[in-house]
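Residue-level structural notes
Here is what each chain is made of, one letter per residue.
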There are 2 protein chains.
Amino acid sequence: MGTSSPRRDFPVVGMVGGGQLARMTQQAAIGLGQTLRVLAVAPDEPAPLVTPDVVPGHADLAGLEALAVGCDAVTFDHEGVPQEHLRALVAKGVAVRPHPDALIHAQDKLVMRRRLAAMGLPIPAFAEITSPEQVAEFGEAHGWPVVLKAARGGYDGRGVWFLRSADSADGTDSADGTSAGAPVRSLVAELLAAGTPLLVEEAVAMRRELAAQVARSPFGQAAAWPVVETVQEDGQCVQVLAPAPGLAEERALEAQGIALRIAHELDVTGLLAVELFETDAGLLINELAMRPHNSGHWTIEGARTSQFEQHLRAVLDYPLGTTTMTAPVVVMANVLGAEKTPEMTVDERIHHLFARFPEVKVHLYAKGERPLRKVGHVTVLGTDVAALAEVRRKAALAADWLSTGEWSDGWSVHSGADVAELGERA
Amino acid sequence: MGTSSPRRDFPVVGMVGGGQLARMTQQAAIGLGQTLRVLAVAPDEPAPLVTPDVVPGHADLAGLEALAVGCDAVTFDHEGVPQEHLRALVAKGVAVRPHPDALIHAQDKLVMRRRLAAMGLPIPAFAEITSPEQVAEFGEAHGWPVVLKAARGGYDGRGVWFLRSADSADGTDSADGTSAGAPVRSLVAELLAAGTPLLVEEAVAMRRELAAQVARSPFGQAAAWPVVETVQEDGQCVQVLAPAPGLAEERALEAQGIALRIAHELDVTGLLAVELFETDAGLLINELAMRPHNSGHWTIEGARTSQFEQHLRAVLDYPLGTTTMTAPVVVMANVLGAEKTPEMTVDERIHHLFARFPEVKVHLYAKGERPLRKVGHVTVLGTDVAALAEVRRKAALAADWLSTGEWSDGWSVHSGADVAELGERA
């Protein structure tokens, strides 16, 4: 079943990757009448579980070519796609969005840093690292601590090492426990020997992290959502606050302007998320992502056009949708896999969550639960910016409960409102 | 791919029918981490195009049994399911929601009328018809015109005949053009001979039609959305206005109370839509539907919990979600297949619609276009109840445009705002 249907003039969008971003894009594609075709490694990934049009395979040339057949546009759930394969698709006339010339800036932090520096945009001091000595030199020149990064392949804190001095390294690279505490020289030598391209940056004394998300179409139309605050824990985003609380309007406009300018000058098509540090001296650009992004999940309920719908509109060169908020304050909290698997099934946890918080919106990715893995998110809307603290508390409680099966405020079903009393009440 | 995934503790809901209601339920199921399995006749129906878990087949016993395997609950996209098969499923322990004892009231207008009459609820005068003479007798007793209805199987004006006198019939049954203008006697005799169970009702002098929608779980919890006005043309709903404009609070509460009482006394599980006539003398109940309903499509963007999410929550006995509106006024307009197929593809029409109205939300069911067939809907939100007329106008323009490829107000892309000027504007 699936692809033998008569022509209905609706577009087909191909997405490389079958994760939660593709899964949520499928919800938007359904509304627009479209077909979302995903290239997925395994049938039980979040997206192939919910779309019938699945091309099994990896992001190699064979997989990408199979995905592209009959697609009006090909786009991405993740950036782990070799440039040469994308260029081969472009050479065959496939509408790859964003174009590899743009996408490279979300794949390679050195290419990105150099380009943004050339544009005169605010970024941390940085240097390419090709020998261990260069890290010490950078630390001496810019002051310790410094941040060592793999130029390619890192995410959610992986591929990032916080270096306090030339003699020690606190690896936040959970995938490589051996590097923690190793002297800088041997860590860097080891990474370079493994072929990891490296850069080093000044460790920015920041107040908080922000994200500016925009969409841009091939026609050149662009639209920005309100700038959000992304609350981090252990290198991973745990909450997104929309709009960023207390952000001065001129700074919000500056952040949106940076994102719009990058989208324009790099000729980005589809979504662009710009992760920013807010410092006492102003904004600094941290990372770029050119796809739907965790910092934009709040838009599903919190904005008139979600990032997923907007991404589809942008890659198909449709006019973009209204980005205004649906409520004065919106908080998204990620549901992370717990250290200890809860006794209750996730289905039972959903029951209890809904009993306590009928207003919390739940998004679950149908992934197996592993510690710190993003398995879902919750969104809570507030009717008043003054309610931010309460909205954040509710979002955190809900996300923690879904994660651990424990109420972090000690709430018990027996102490709470009697659910039976709610029966039949409109 | 699809069903071989490792256990993740997420429920599977089976839905009988692969139409647009199942398609939109899939969007909600994705959010909740669930699997929606649909029983569909053809692979190119709206729902099998967007879910990988499809059981091909009709709503016969074999099809229903195949659907039910491994489902936590079985529910409905349409009511055309034989009672005896549903009872066979129940006997095997399948959680059929609603139970056939409740569903019969949405399948058989005579059973429904008798039950509501016994409950003392306000309904039009009616009588079962087993001979042509009874129609004339009813007309003499209650006054002409009267409305003849097939007790089973009608929808969207089909199976309904408006009788002006004993001598003439204006058939609104577009599937049966031969009945228009035929004398009542021969029409009724023909229908009875074909085995169509019939009833006749007084033709109600109404101000307008309303709909009250509620959800109810097996636990007995119920939740109501605001009462809406359903604007009809030629026996088919063209617009839904939420909340029903100018409806007195006590009348809204009365309508919600009627729906909640029916849900409770009939032991409905899942959604219940009660179609109502508002008359000078008060409310009269027209029809019941026990599934997601066209009058509730506005809830996707217009309420904190959509009817589709709520239906899944209800049939799985989850606590229900908040039903408050996301905007003071919401208008849904159905997109109907046009008499004349437009020259532009639907994809091109979407482009132009988005260029003119970036705030209109589009839902397309990926169906082939046939005259008056519901192929999609649009939703427009207003920030002020005073803006109702403008919101309605916009929804009607958008729906007409998607249907016909013509702007009913004569708007032209050249006279409108220059889209190029919107480029890069946030």
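Heads up: the structure comes first, above all this text.
Reference entry: report on the structure contained in this document. It should be emphasised that the depicted structure is a prediction, and the values quoted were computed from it without experimental measurement.

**Looking at the overall build of chain A**
On a plain count of helices and strands, chain A comes out with 13 helices and 18 strands. Principal axes of the C-alpha set define a box for chain A whose edges measure 70 × 55 × 45 Å. In chain A, the share of contacts with a sequence separation of at least 24, taken over all contacts with a separation of at least 6, comes to 61%. Across chain A, the centroid of the 36 positively charged side chains sits 4 Å from that of the 54 negatively charged ones.

**A closer look at the sheet that holds strand β4 (residues 73-76) of chain B**
All names here are of chain B. Here we have four strands laid out as an open sheet, ordered β3-β2-β1-β4, and parallel in their pairing. Because the sheet does not close on itself, it has two edges, and the strands there are β3 (54-56) and β4. Each strand axis lies, on average, 25 degrees off the axis of its neighbour in the sheet, ignoring direction. As paired strands, strand β2 (residues 35-40) and β3 are joined by three bridges and run parallel to one another. Across the sheet, residue Ala 40 finds its bridge partner in β3, namely Pro 56. Along the sheet, helix α2 (residues 61-68) makes contact with β1 (12-16), β2, β3 and β4, crossing β2 at roughly 170 degrees.

**Here we look at empty space enclosed by the protein**
Overall, the coordinates contain three cavities of 30 Å³ or more when judged by the stated rule. One number sums up the size of the largest cavity: a volume of about 840 Å³. Together, 37 residues line the largest cavity, and Ile 300 and Glu 301 of chain A together with Gln 27, Ile 300 and Glu 301 of chain B are the ones closest to its centre. For the lining of the largest cavity, the secondary-structure elements that each account for two or more residues are α1 (20-31), α9 (299-302), α10 (307-315) and β17 (361-364) of chain A together with α1 (20-31), α9 (299-302), α10 (307-315) and β17 (361-364) of chain B. Here the residues of the lining of the largest cavity sort into 16 nonpolar, 13 polar and eight charged.

**A closer look at the sheet that holds strand β3 (residues 54-56) of chain A**
Residue and element names in this part refer to chain A. The four strands are arranged β3-β2-β1-β4 in an open sheet whose pairing can be described as parallel. Edge strands, defined here as strands with exactly one partner in the open sheet, are β3 and β4 (73-76). Neighbour to neighbour, the strand axes of the sheet diverge by 25 degrees on average, direction disregarded. In this sheet, β4 lies alongside strand β1 (residues 12-16) in parallel orientation, the contact comprising four bridges.

What counts, and at which threshold
- Residues numbered from 1 in each chain as written.
- Chains lettered and ligands numbered in written order.
- Predicted model: local features only at pLDDT ≥ 70, side-chain atom pairs only at ≥ 80, totals over all residues.
- Heavy atoms only, no water.
- Helix = DSSP H or I, 4+ residues; strand = E, 2+ residues; numbered from the N terminus.
- Contact = heavy atoms within 4.5 Å.
- Lys, Arg positive; Asp, Glu negative; His and termini not counted.
- Charge placed at Lys NZ, Arg CZ, Asp CG, Glu CD.
- Pairing = 2+ DSSP bridges.
- Axes fitted to C-alpha atoms, helices over the stretch in contact; angles between N-to-C directions.
- 1 Å grid on protein atoms, 1.4 Å probe; cavity = no way out; pocket = protein on both sides within 12 Å on 5 of 7 lines; lining within 4 Å.
- Points joined across faces, edges and corners; volume = space filled by probe spheres on them.
- Nonpolar A, V, L, I, M, F, W, Y, C, P; charged D, E, K, R; others polar.

Take it as geometry only, folks, not as evidence of what the structure does.
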